[in-house]
Amino acid sequence: MVYGVVNGVNGGGSNQDGSGIGVGGGEENGNEFFDPLEDGTEEMTETEVREAALMNDYLGKQLVTKLYSKNFQNREEAIQEVFNNLSNYKGEKEDAKALMRATAILVAKMSKDNVFSVFNNALNLFHFLLNDFAKQHSIGKQEINYVLEKCLPVLLHRTGDTNARLRQRAHDYIVEMASFPEIKPLHTVPHYCTIPIKLHIAPRLALSRVEIIEDLIKSLGTKDNGLSVDNITKFCLQALEHNSGEVRELAMKILIQMYKVIIIIIIIGEIYIFNYV
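Residues numbered from 1 in each chain as written. Predicted model: local features only at pLDDT ≥ 70, side-chain atom pairs only at ≥ 80, totals over all residues. Heavy atoms only, no water.

All told, the structure shown has 8 salt bridges when counted by the stated rule. With its nearest N and O atoms 3.5 Å apart, the salt bridge here joins E77 to K66. Taken together, the residues span a long stretch of sequence, with E77 in helix α4 (residues 72-87) and K66 in helix α3 (residues 61-67) at a distance of 11 residues. With a closest N to O distance of 3.2 Å, E94 and K97 form a salt bridge. Of this pair, E94 and K97 both sit in helix α5 (residues 93-110), 3 residues apart, which is roughly one turn of that helix. Looking at E94, the relative accessible area reads 54%, which means it is exposed. K97 sits in the buried class, given a relative accessible area of 19%. Several salt bridges converge on common partners, so that one network encompasses K66, E77 and E81. (Salt bridge = Lys/Arg side-chain N within 4 Å of Asp/Glu carboxyl O. Helix = DSSP H or I, 4+ residues; strand = E, 2+ residues; numbered from the N terminus. Buried < 20%, exposed > 50% of the residue type's maximum accessible area, 1.4 Å probe, protein only.)

This part is about the packing of α5 against helix α6 (residues 116-136). Orientation of α5 relative to α6, taken along the N-to-C sense of each, is 155°, at an axis distance of 9 Å. The orientation of α5 relative to α6 falls into the category roughly antiparallel. Considering how the two elements wind past one another, α5 and α6 form a crossing that is left-handed. In contact with A96, L99, M100, T103, A104, L106, V107 and M110 of α5, α6 contributes V118, F119, A122, L125, F126, L129, F133 and A134. Considering only residue class, the contact of α5 with α6 consists of 15 nonpolar, 1 polar and no charged. (Axes fitted to C-alpha atoms, helices over the stretch in contact; angles between N-to-C directions. Parallel < 35°, antiparallel > 145°, perpendicular 65-115°, else oblique. Left-handed = near helix turned anticlockwise from the far one by under 90°. Contact = heavy atoms within 4.5 Å. Nonpolar A, V, L, I, M, F, W, Y, C, P; charged D, E, K, R; others polar.)

This part takes up the packing of α5 against helix α7 (residues 141-158). In contact at an axis separation of 9 Å, α5 and α7 are set at 5° when each is read in the N-to-C sense. What the angle tells us is that α5 and α7 run roughly parallel. Contact residues: α5 offers K97, M100, R101, A104, I105, V107 and A108, while α7 offers Q142, E143, I144, Y146, V147, K150, C151 and V154. Its residues placed into classes, the contact of α5 with α7 shows 10 nonpolar, 1 polar and 4 charged.

Another point: the packing of aromatic side chains. The geometry of an aromatic ring pair comes down to the distance between the two centres and the angle between the two planes. Summed over the entire model, instances satisfying the criterion amount to 5 aromatic pairs. Geometrically, the ring pair formed by F126 and Y173 is tilted, given 5.8 Å between the ring centres and 40° between the ring planes. Placement of the pair is F126 in helix α6 and Y173 in helix α8 (residues 164-177), with a sequence separation of 47 residues. In this pair, the class of F126 matches that of Y173, namely buried. If you follow R101 out to its NZ or CZ, it ends over the ring of Y146, 4.2 Å from the centre. (Phe/Tyr/Trp six-rings, centres within 6.5 Å; stacked < 30°, edge-to-face > 60°. Lys NZ or Arg CZ within 6 Å of the ring centre and 35° of its normal.)

Shown next, in the form of structure tokens:
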């Protein structure tokens, strides 16, 4: 599924002028003298320049500078430019893998944005990257896992955001993402989601983490998908120690559900032994 308008340029090998692989427009037409203030963006700090180093190589300095703009419209434009050009990318597989890694850094950064439209556009780009782009360019498990490891922790943290709309969008996308054809076999999403919570985290975030487990059980079940009675139980036992009553109540509800699953497995086992042994 493709989100957005496709009107980008084709990719190629890395250029000697530092313009990357044609995805961000790079440093062509004298962009090494690019004035961010003239373009409505802001100068990047030294820390931000270091963070953007990998993106610069493949997305282009001008586009990356827009990502760090204080003007949210510049950030939106930058995400859309990357999306448009990725949609038309026709370069080599090795460059596609590097480009995917650079874009993962972009998505992770934009997923921290407090403007909902920027955050939502970043998720649309993330969706395209994990599904269409990965499939079109035969991207392997290693690169897909790299993208997930960059972005998933950020999304999990956003499920505790004070902005209810943003919080729910992050929650829904994590649950949806776990079932993507390119993602489900990796079990990466259930693995991250079942990491036990820290007892000092805010009640809103703790509750969201337990709610995600509840929804993943509904959508995936507990067999051969990264979710198991064991890791769910360990997660919920830790959640029972949290100081929020809502968190403990939902964790107990899930534990009772897992107990019923165990009972059913025992009964089925006993029936099998009685009939065939």
